[in-house]
Amino acid sequence: MSAASLDGILGSGRAARLRIWLRRAWALTVKEYIQLFRDTVLVLFMAYAFTLDVYVAGVGVNWQLNNAGLGVHDADKSTASREVAGRFRAPYFRNLGSVATREAGQRLLDQGGLMVVLDFPPDFGADILRGRQTAIQMQVDTANSAIGSLATSYGGEIVGRYGLERALNVPELNVDKIHGVPFIIDETRAWYNQNQEDSWFMALAEIISNMTLLSILLPAAALAREKERGTVEQLMVSPLSPVQILAPKILAMGSVILAGLAAGVFAVVIGVFHVPARGSLLLFFAVSALYIAFTAGIGLLIATIARNLAQVGMLTVLVFAPMIFLSGAWTPPEAMPSWMRLLMDCLPMHYMLDAGFGILLKGQGVGELWRELLGIIGLGAPILALSLWRFRRQFR
Amino acid sequence: MEAAGFVKRYGKVEAVRGLDLAVAQGELFGLIGPDGAGKSSLLKAVAGVLSYEGGEVRVFGLPVTTEAGAEAAKAHLGFMPQGLGRNLYGDLSIEENIDFFAKLRLVPAADLRERKERLLGMTRLDRFRARPMKQLSGGMKQKLGLVCTLIHAPRLILLDEPTTGVDPVSRRDFWTILHELLSEGGVTALISTAYMDEASRFDRVALLYQGRALAVGPAREVAAGTPGVVLRIRPEVVGPGEIRVASSVGLSADRGGLAAAEEPGAQASSVSSAATVPRAFEAPDALELLGARYASVRGLGREVRVFVPGAADEGAATAALHALLGGAGIGFSITGREAADLEDVFVCKVAPHHADAPGGTGGPGGTDTPATSDTPELSGLDWTRDGGAPITPIISGASGEPARQADEAQGLAIHARGLIRDFGSFRAVDNVSFSVKPGEIFGLLGANGAGKTTVIKMLTGILSPTGGAGSVAGADMLRGGRAIKERIGYMSQAFSLYTDLTVAENLRLYAGVYGLNRRLAAERVVWAIKLAGLAGRENALTASLPMGLSQRLALCCALLHRPRILFLDEPTSGVDPLGRRLFWDILRRLSRRAGVAVLITTHYMSEAEYCDHLALMYAGRVVADATPEAMKAALLADAGPMLEVDVDDPHRAVAALRAAGFAEAALHGGSVHAQAGPGEARERGAAVAAALVAAGVNVRAVAQTPLSMEDVFVHRVLALEAEEAGAKGARA
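Procedures and definitions
Residues numbered from 1 in each chain as written. Chains lettered and ligands numbered in written order. Predicted model: local features only at pLDDT ≥ 70, side-chain atom pairs only at ≥ 80, totals over all residues. Heavy atoms only, no water. Pairing = 2+ DSSP bridges. Helix = DSSP H or I, 4+ residues; strand = E, 2+ residues; numbered from the N terminus. Buried < 20%, exposed > 50% of the residue type's maximum accessible area, 1.4 Å probe, protein only. pLDDT = per-residue confidence, 0-100. Contact = heavy atoms within 4.5 Å. Domains from an automatic or database assignment. Expected span 1.5 Å × (residues − 1). Bend = angle between axes of the 7 residues up to and from the residue. Polar contact = N/O pair within 3.5 Å; in protein donor to acceptor, adjacent residues only side chain to side chain. Salt bridge = Lys/Arg side-chain N within 4 Å of Asp/Glu carboxyl O. Core = buried A, V, L, I, M, F, W, Y, C linked by side-chain atoms within 4.5 Å. Axes fitted to C-alpha atoms, helices over the stretch in contact; angles between N-to-C directions. Buried area = accessible area lost by both parts, 1.4 Å probe. Nonpolar A, V, L, I, M, F, W, Y, C, P; charged D, E, K, R; others polar. Arc of directions from axis to C-beta.

1. A look at the sheet that holds strand β16 (residues 426–436) of chain B
Residue and element names in this part refer to chain B.
Link 1 in the chain: If you trace the four strands from one edge of the open sheet to the other, you get β16-β15-β18-β19, paired in antiparallel fashion. Sheet topology places β16 and β19 (475–476) at the edges, where each strand pairs with a single neighbour.
Link 2 in the chain: Of the pairings in the sheet, the one linking strand β18 (residues 467–472) to β19 comprises two bridges and is antiparallel in character. Bridging from a neighbouring strand, S471 pairs with D476 of β19.

Right, dumping it as structure tokens:
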């Protein structure tokens, strides 16, 4: 129907038409809010996902070597062997004492009681004093490959440094004594996260993951429930356009998720973990709002495919799990095979993570974030359009 | 089976409150009552799958109180839960389902083979034995469910609403099979149903309501237990009734005036629609007066069927009606007298407990001002008397194409012309045409899958037609989608309410959806709460409402914007007879006073009789399109009167009549119903009696019983099926 014909009928024209359009959409938005807040379990889950879960992820998940259990089989019992064993220090290692036999050490490794076993041969100390080449054995449990390789490299470094000191015949190697020796001094300066706090990365990644999950799940569940109950048919028979039916869902769910995000960011990410928030928080929330709206499109798309709530649950897991893997929340993108990185470039969540870190840690502005913004909009808009198209087509 | 003081609670809710029942060996016992009466709870307790709080249930003398006791009884039980094919496995074929249940029950292979063949033959499922269950129709699923329940030859079968949601033809099949099985003896059946008109099928029934038995006994005795007279009358206006006719004209004029003010192009059509008031509006006012006094009143087309409780004979009943209607200037002629049926009894017995009850069980002393909050306030439906409130909040301009103007001029609310809808290669709706006038209640009947819902979905704009055209509420169906949606109300089978919202929130939502402004929305919400009889429950969650109330709430949600046409897709499923009556009161008043056209589908054949006009659908086509009276008259001419034969041995009588060519002979409790073939009732009755005597069956009495819409429906559909089979045979 053309706006002109309505002009004639309503007199006040476009304004009146818009007013009624908004009144209708608002009635549906209010409905979504009521339904959402009446679902106690869902509200509690959201509160958990944006606060406690983020806190747990920040505190609990740690990619550094901490308290690795160490056992020593010292067949030598010399000053040298004790010196080397003594250098495996806290907080990285925890010396749990000596092991009587090699077999006992092996057993403790197998059982998981120890992570590292050092094995000194009988004449280790004597060999070092005589200047003869010698070796010690270090057995490391690398079942968790990341932590295992950290332990291996730390251990290697400790032993290597001790060996260098003995070779140069100095009691303790430091900057003053190293003059004249061809040796590269390795002094690092970390940027953006000077103390290399894992909690910063983890808390941010977790809150963005949870925001993504909820942005998919809430609209999908709401629409699927309407399909199950038959209420969506009722809405289709009333004078509402598909946009009018779907937009209130995105608006209501999205605003609640954004509020949860804000609570989580201020209370946990900044409040507890002291993430500096170098860039504009306003920009961060604006980008998040955009991201939530487009991610809701994925949820609506799922709901147009699924026949009931159970299928929505399964499809959400199916979509969300690879998103988490490929987005860079768990693994650095650079470590992935090139075809996977291509796939990654197709994930809005990847751009959201980049933008989130960029704004909060690096203080980036719109100027530096144009690629991320383009990614979020360029990928999200077609998905939203597709879900709208599919929703419309279901009733044809 | 025996139950003594049976009590079942769900949380704090007492579902069954002290029920005493005894079912004898070999009996066909019916549990009749609306949803929530406690039927399922009792059946599940007997089956040993539900624990209970009080009393005792004994099966074959064994108490079903302990796990061990229940297990012992289970060997002799067959239980079919509620819901179409709920106990079956959708991906297994018919035969695999049967085999599975037989293995579960350790049926010996030889017995299995023999029983399977017999049951499959009896249910006519043998042709489809390799077909997966999920591809069967509702009726076939129920038949397969029955076979699976019977495969271990139980001595007691428990069927929970086996006929709910099944079309009348399949329902009749189902009863035939059941009767055949029981005629062989040794089996006892306890069956629940929500259809009051199935009561006559049982040997004995228990009428359940809110966890109590209102009456127990043979259906006819239960019905006769409440004294009174049922009359059919045809009201005639003799006095100031014209006022009402005038008001209907006023409505059209009013609407026209509004349209004229805002849409200059509509003047011509509004004048013409004011001139063409489609019908006399006299019957409903008599109906309103009667409905206010008597609990069991049914409007049947232009006639009214009323149960006058306590009246000793026809004279007393007539006098009572004269006293009531005469004061309002309404005369009437008596067109028939019937026996009270179970629904009359149910409504009368329940009404005193129900807030809607007119005082007392009738008689001239009864008051006619029920004033409790549960009562719908019907006067709110007289839209014209509102002092010119707009009928639709926004008048959208529809393009003024010629077809619409023509329909408006003819005064048609809905005009479907050759509608077609394909799903893939399957033609769900095939060249359907019909028209509905303003103020008319139009019923669309048909079995599941006949295409009723698809037609409604096309007319309401949810589905677009593959072919054909039509106009709805004066707008072209294909192009005026938005305008149509502003002018129609729709209520689906599922009621489509948001159960996690309160009553008022639901109403406010739909007020907003229909674009009502704040003031109008507030007014209409109050109006709708009164109309639904929900005053005082505004803040109750919709999920907590009983079926009858949520149904009325759903209707009111669809009325907030005062539509011109109301589409109702099986709106009365699962609602008790009293709730259905109140619902129909609203529909009647809507159509008569406000001139709203109502298009309704229903699988309660008794409700089809309330419609002004019916269209019968079969396999996507409209195969009959007439008034209920005309359809019945056609059947009477075609297949003759329906006779009720009282005999000594009903099972043998049915077999004898079938053998003698009365194919539709069926068992109803202790008597037999048979369509006697065209001709005069007395003469055909003699023929039937002769056939029975020839077969050695002692005939006690033969009486004519009125044809029901169910008879019409079943007869028509069977004839069409036979025709189709014949056509197929001819091709092969």
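So that's the structure; there's more coming.
2. Focus: unusual backbone geometry
Link 1 in the chain: In this model, K77 of chain A sits at a positive phi of 55 degrees, which is unusual for a non-glycine residue.
Link 2 in the chain: When you line up the elements, K77 of chain A lands in the loop between β1 (68–74) and α5 (79–86).
Link 3 in the chain: On the basis of relative accessibility, which here comes to 59%, the residue K77 of chain A falls in the exposed class.
Link 4 in the chain: For E570 of chain B, which is not glycine, the phi dihedral falls at a positive 45 degrees.
Link 5 in the chain: Positionally, E570 of chain B belongs in the loop between β21 (565–569) and α19 (577–593).
Link 6 in the chain: By relative accessible area, E570 of chain B is classed as buried at 8%.

3. Description of the pairing of strand β3 (residues 28–32) of chain B
All names here are of chain B.
Link 1 in the chain: Within β3, five of the five residues are buried, which leaves it mostly tucked inside the rest of the structure.
Link 2 in the chain: What you see with β3 is no split at all: L28, G30 and I32 on one side and F29 and L31 on the other are buried throughout.
Link 3 in the chain: Bridging between β3 and strand β9 (residues 204–209) involves four bridges; their strand directions are parallel. Following the sheet pairing, F29 is matched in β9 by R204.

4. Digging into the confidence of the model for chain A
Link 1 in the chain: Of all residues in chain A, 89% have pLDDT values of 70 or greater, and the mean over the chain is 85.
Link 2 in the chain: Counting interchain partners and residues more than four positions distant, the pLDDT-below-50 stretch residues 1–7 of chain A has 12 contacts.

5. A few points about the domain arrangement of chain A
Link 1 in the chain: For chain A, the domain assignment lists domain 1 (21–60 + 196–395) and domain 2 (68–177).
Link 2 in the chain: Each of domain 1 of chain A and domain 2 of chain A has a C-alpha centre, and these two points are 49 Å apart.

6. Here we look at helix α11 (residues 242–270) of chain A
Link 1 in the chain: Compared with the 42 Å implied by 1.5 Å per residue over 29 residues, the 40 Å span of α11 of chain A between its first and last C-alpha is a close match.
Link 2 in the chain: G264 of chain A marks where α11 of chain A bends most, by close to 30 degrees.

7. Focus: the side chain of Q234 of chain A
Link 1 in the chain: Positionally, Q234 of chain A belongs in helix α10 (residues 231–237).
Link 2 in the chain: A polar contact is formed between the side chain of Q234 of chain A and the side chain of S496 of chain B, at a distance of 3.4 Å.
Link 3 in the chain: Dropping the residues within four chain positions of it, Q234 of chain A is found in contact with Y490, M491, S492, S496 and Y510 of chain B.

8. Re the pattern of salt bridges
Link 1 in the chain: Evaluated as defined, the whole model comprises 46 salt bridges over all chains.
Link 2 in the chain: The salt bridge partner of K249 of chain A is E32 of chain A, with a shortest N-O separation of 2.5 Å. In this pair, K249 of chain A is assigned in helix α11 and E32 of chain A in helix α2 (residues 14–38), connecting sequence segments 217 residues apart.
Link 3 in the chain: Overall, the relative accessible area of 1% leaves K249 of chain A in the buried class.
Link 4 in the chain: Classification of E32 of chain A by relative accessible area gives buried; the value is 2%.
Link 5 in the chain: Among the charged side chains, a network of salt bridges with common partners joins E95, D99, K116, E117 and R129 of chain B.

9. What to know about the nonpolar core
Link 1 in the chain: Among the nonpolar cores identified, the biggest contains 143 residues, and I207 and M211 of chain A together with L507, L555, L566, L568 and L587 of chain B are the most heavily contacted of them.
Link 2 in the chain: Residue contributions to this core peak at 15 residues, all from helix α9 (residues 198–229) of chain A.
Link 3 in the chain: Apart from the residues within four sequence positions on either side, L555 of chain B is in contact with M491, L566, L568, F583, I586 and L587 of chain B.
Link 4 in the chain: Residues M80, A102, L181 and L342 of chain B belong to the second largest nonpolar core, which totals 56 residues.

10. Some points on the sheet that holds strand β5 (residues 62–63) of chain B
Residues and elements named next belong to chain B.
Link 1 in the chain: One open sheet holds the four strands; their spatial order is β2-β1-β4-β5, and the pairing between them is antiparallel. The open sheet has two edge strands, β2 (13–22) and β5, and neither has a second partner.
Link 2 in the chain: As paired strands, strand β1 (residues 2–10) and strand β4 (residues 54–59) are joined by four bridges and run antiparallel to one another. Looking across to β4, one finds that V7 is bridged to G54.
Link 3 in the chain: The sheet strands contacting helix α1 (residues 39–47) are β1, β2 and β4, and the helix crosses β1 at an angle near 115 degrees.

11. Concerning the interface of chain B and chain A
Link 1 in the chain: Across the boundary between the two partners, chain B contributes 36 residues, which contact 28 residues of chain A.
Link 2 in the chain: Across the interface of chain B and chain A, roughly 3,100 Å² is buried in total on both sides, 56% from carbon and sulfur atoms.
Link 3 in the chain: There are three salt bridges connecting chain B and chain A.
Link 4 in the chain: Of the charged contacts, one joins K457 of chain B and E233 of chain A as a salt bridge, the two residues approaching to 3.2 Å between their closest N and O atoms.
Link 5 in the chain: Across the chain B-chain A interface, the total number found is 16 residue pairs in polar contact (both at pLDDT 80 or more).
Link 6 in the chain: Those elements that provide at least two residues to the side of chain B that touches chain A are α15 (481–487), β20 (488–491) and α16 (503–513) of chain B.
Link 7 in the chain: Examining the composition of the side of chain B that touches chain A, we find that five residues originate from one element, α16 of chain B, more than from any other.
Link 8 in the chain: A breakdown of the residues in the side of chain B that touches chain A according to their chemical character gives 17 nonpolar, 11 polar and eight charged.

12. What about helix α23 (residues 681–694) of chain B?
Residue and element names in this part refer to chain B.
Link 1 in the chain: For α23, with 14 residues, the first-to-last C-alpha span of 20 Å sits near the 20 Å given by 1.5 Å per residue.
Link 2 in the chain: Within α23 the residues assigned to the buried category are A681, R684, G685, V688, A689, A691 and L692. Buried residues in α23, looked at end-on, bunch into an arc of 155 degrees, giving them a common side. The outward face of α23, more than 90 degrees from its buried face, is lined by the exposed residues R682, V693 and A694.
Link 3 in the chain: Immediately beyond the C-terminal end of α23, within one or two residues, lies G696, with a positive phi of roughly 85 degrees.

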